[in-house]
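Here are the chains, one letter per residue:
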Amino acid sequence: WLDGKLAAPKLIEFTQHDVFNYLLMSKIPGEMACSETQMQNPAPMIKALADGLKALWAVDTYGCPTENTLNITLAHARHNLENGLIDPKEIDEDRIYAHGFSGIEDLFAFLDRNRPDEDIVFSHNDYCLPNVFLENSVFSGLVDLGDAGIGDKWMDIALCVRSLEYNLVKLSKYSRSDYERYKSMLFDELGLAEDKDKIKYYILLDNFFYVYNRT
């Protein structure tokens, strides 16, 4: 469905054999936004992250086969919670407790009661730095689009901000002030004011999709 609409891998071949599925796709040129080269000079990478978001949001959603609006996403989250599918080793307990929630059940009740207004676009649904590619420091494409679909643009922004913080501060040892400066640069490139409440909401919501691998 995305062919010709977005810089994304092209489907070459799909086949099934016994219990396994095999998918062959074309390669996106360049390197991940979190590569060592990009982390040494983050400014061009920040612009590329913004360009990738703009490219997603420019996709016409007419006929899109998947939807990730809050009604659907929260229903999936409830299913994962009620069926014990969430891996407790993967959830961000520190962030959950820091925001005053007693646990993941308490968090779900809050998210269900406090749904933000949605700004509907074509959304990646996992817009983190490893999924954004740059070639010669310019945005060249996106990978891991299996869960992309119609959704709120702030889901993309929130996960991008979280990934930017993780890669800059935890992995590359930049200071918090450096991170805040690059985050401000991202919002300047997007022409948006930072909405901290929506960012917090979607980062917390993502905890419900760390599910066990039961294969």
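As shown above, the structure is provided for reference.
Residues numbered from 1 in each chain as written. Predicted model: local features only at pLDDT ≥ 70, side-chain atom pairs only at ≥ 80, totals over all residues. Heavy atoms only, no water.

**Student:** Looking at this structure, I do not really get helix α5 (residues 104–113). What am I missing?
**Tutor:** Each α-helix winds once per 3.6 residues, and so residues spaced three or four apart point in a common direction. For α5, the full list of buried residues reads Ile104, Leu107, Phe108 and Leu111. Looking down the long axis of α5, one finds its buried residues gathered within 100° of arc, a one-sided arrangement. Projecting away from the buried face of α5 at angles above 90 degrees are the exposed residues Glu105 and Arg113. Along its buried surface, α5 packs onto α3 (70–82), α4 (93–98) and α8 (196–205). (Buried < 20%, exposed > 50% of the residue type's maximum accessible area, 1.4 Å probe, protein only. Helix = DSSP H or I, 4+ residues; strand = E, 2+ residues; numbered from the N terminus. Arc of directions from axis to C-beta. Contact = heavy atoms within 4.5 Å.)

**Student:** Would you mind going over a nonpolar patch on the surface with me for this structure?
**Tutor:** Judged by side-chain polarity, Leu11, Phe14, Leu23 and Met25 come together as a nonpolar surface patch covering roughly 430 Å² of accessible area. Breaking the nonpolar patch down by element, the ones donating at least two residues are β1 (11–17) and β2 (20–25). (Patch = residues over 30% accessible without salt bridge, like charges linked within 9 Å, V, L, I, M, F, W, Y side chains within 5 Å. Areas by Shrake-Rupley, 256 points an atom, 1.4 Å probe, with all protein chains shown as cover. Salt bridge = Lys/Arg side-chain N within 4 Å of Asp/Glu carboxyl O.)

**Student:** Can you help me understand the nonpolar core in this one?
**Tutor:** Nonpolar side chains tend toward joint burial in soluble globular proteins. Counting residues in hydrophobic clusters, the biggest one holds 60 residues, and the most contacted among them are Met45, Leu49, Leu205 and Phe208. Looking at which element gives the most residues to this core, the answer is helix α6 (residues 153–171), with 10 residues. Ignoring anything within four residues of it in the chain, the contact list for phenylalanine 208 reads Ala77, Asn80, Leu81, Ile86, Ile104, Leu107, Phe108 and Leu111. (Core = buried A, V, L, I, M, F, W, Y, C linked by side-chain atoms within 4.5 Å.)

**Student:** Explain the packing of aromatic side chains here, please?
**Tutor:** What characterises a pair of aromatic rings is the spacing of the ring centres plus the angle enclosed by the ring planes. Using the criterion set out here, one finds six aromatic pairs in the structure. An angle of 35° between the planes, with centres 5.6 Å apart, marks the rings of tryptophan 1 and phenylalanine 122 as tilted. Separated by 121 residues along the polypeptide, tryptophan 1 in the segment before β1 and phenylalanine 122 in strand β4 (residues 120–123) bring together distant segments of the chain. With a relative accessible area of 36%, tryptophan 1 lands in the partly exposed category. Its relative accessible area of 2% is what places phenylalanine 122 among the buried residues. When the ring of phenylalanine 108 is compared with that of phenylalanine 208, the centres are 5.6 Å apart and the planes differ by 70°; the resulting orientation is edge-to-face. Placement of phenylalanine 108 in helix α5 and of phenylalanine 208 in the segment after α8 is noted, with a sequence separation of 100 residues between them. (Phe/Tyr/Trp six-rings, centres within 6.5 Å; stacked < 30°, edge-to-face > 60°.)

**Student:** Help me understand the side chain of threonine 73, please; the structure alone is not making it clear to me.
**Tutor:** When you line up the elements, threonine 73 lands in helix α3. In this structure threonine 73 touches Asn68, Leu205 and Phe209, once residues within four positions along its chain are discounted.

**Student:** How do you make sense of the packing of α3 against α5 when you look at a structure like this?
**Tutor:** The description of two packed helices rests on the angle between their axes and on the distance between the axes. Direction vectors running N to C along α3 and α5 enclose 160°, while the axes themselves pass 11 Å from each other. Comparing their axes, α5 and α3 come out roughly antiparallel. Seen from above, α3 lies across α5 with left-handed handedness. Facing Leu74, Ala77, Arg78 and Leu81 of α3, the residues of α5 in contact are Ile104, Glu105, Phe108, Leu111 and Asp112. The residue makeup of the contact of α3 with α5, split by class, is six nonpolar, no polar and three charged. (Axes fitted to C-alpha atoms, helices over the stretch in contact; angles between N-to-C directions. Parallel < 35°, antiparallel > 145°, perpendicular 65-115°, else oblique. Left-handed = near helix turned anticlockwise from the far one by under 90°. Nonpolar A, V, L, I, M, F, W, Y, C, P; charged D, E, K, R; others polar.)

**Student:** Help me understand the pairing of β2, please; the structure alone is not making it clear to me.
**Tutor:** Looking along a regular strand, one sees side chains alternate from face to face of the sheet. Here β1 runs beside β2; their pairing, made up of six bridges, is antiparallel. Looking at the pairing, leucine 11 lines up with methionine 25 of β2. The hairpin formed by β1 and β2 contains two residues between the paired strands, and aspartate 18 there has a positive phi angle of roughly 55°. (Pairing = 2+ DSSP bridges.)

**Student:** Explanation requested: the environment of asparagine 68 in the structure shown.
**Tutor:** Relative to the helices and strands, asparagine 68 is located in the loop between α2 (42–57) and α3. Since its relative accessible area comes to 18%, asparagine 68 is described here as buried. On a C-alpha basis, the gap between asparagine 68 and isoleucine 150 in space is 5.5 Å, while along the polypeptide they are 82 residues apart. In contact with asparagine 68, other than residues within four places in its own chain, are Thr73, Asn125, Asp147, Ala148, Gly149, Ile150 and Gly151.

**Student:** Would you mind going over the pairing of strand β5 (residues 132–135) with me for this structure?
**Tutor:** Judged from the two bridges that link them, strand β3 (residues 31–32) and β5 form a sheet pairing that is antiparallel. In the sheet register, glutamate 31 faces β5, and the bridge partner there is leucine 134. Direction of pairing for β5 relative to strand β6 (residues 138–142): antiparallel, over a ladder of four bridges. Across the sheet, residue valine 132 finds its bridge partner in β6, namely leucine 142. Between the antiparallel neighbours β5 and β6 lie two residues, among them asparagine 136 with a positive phi of about 55°.

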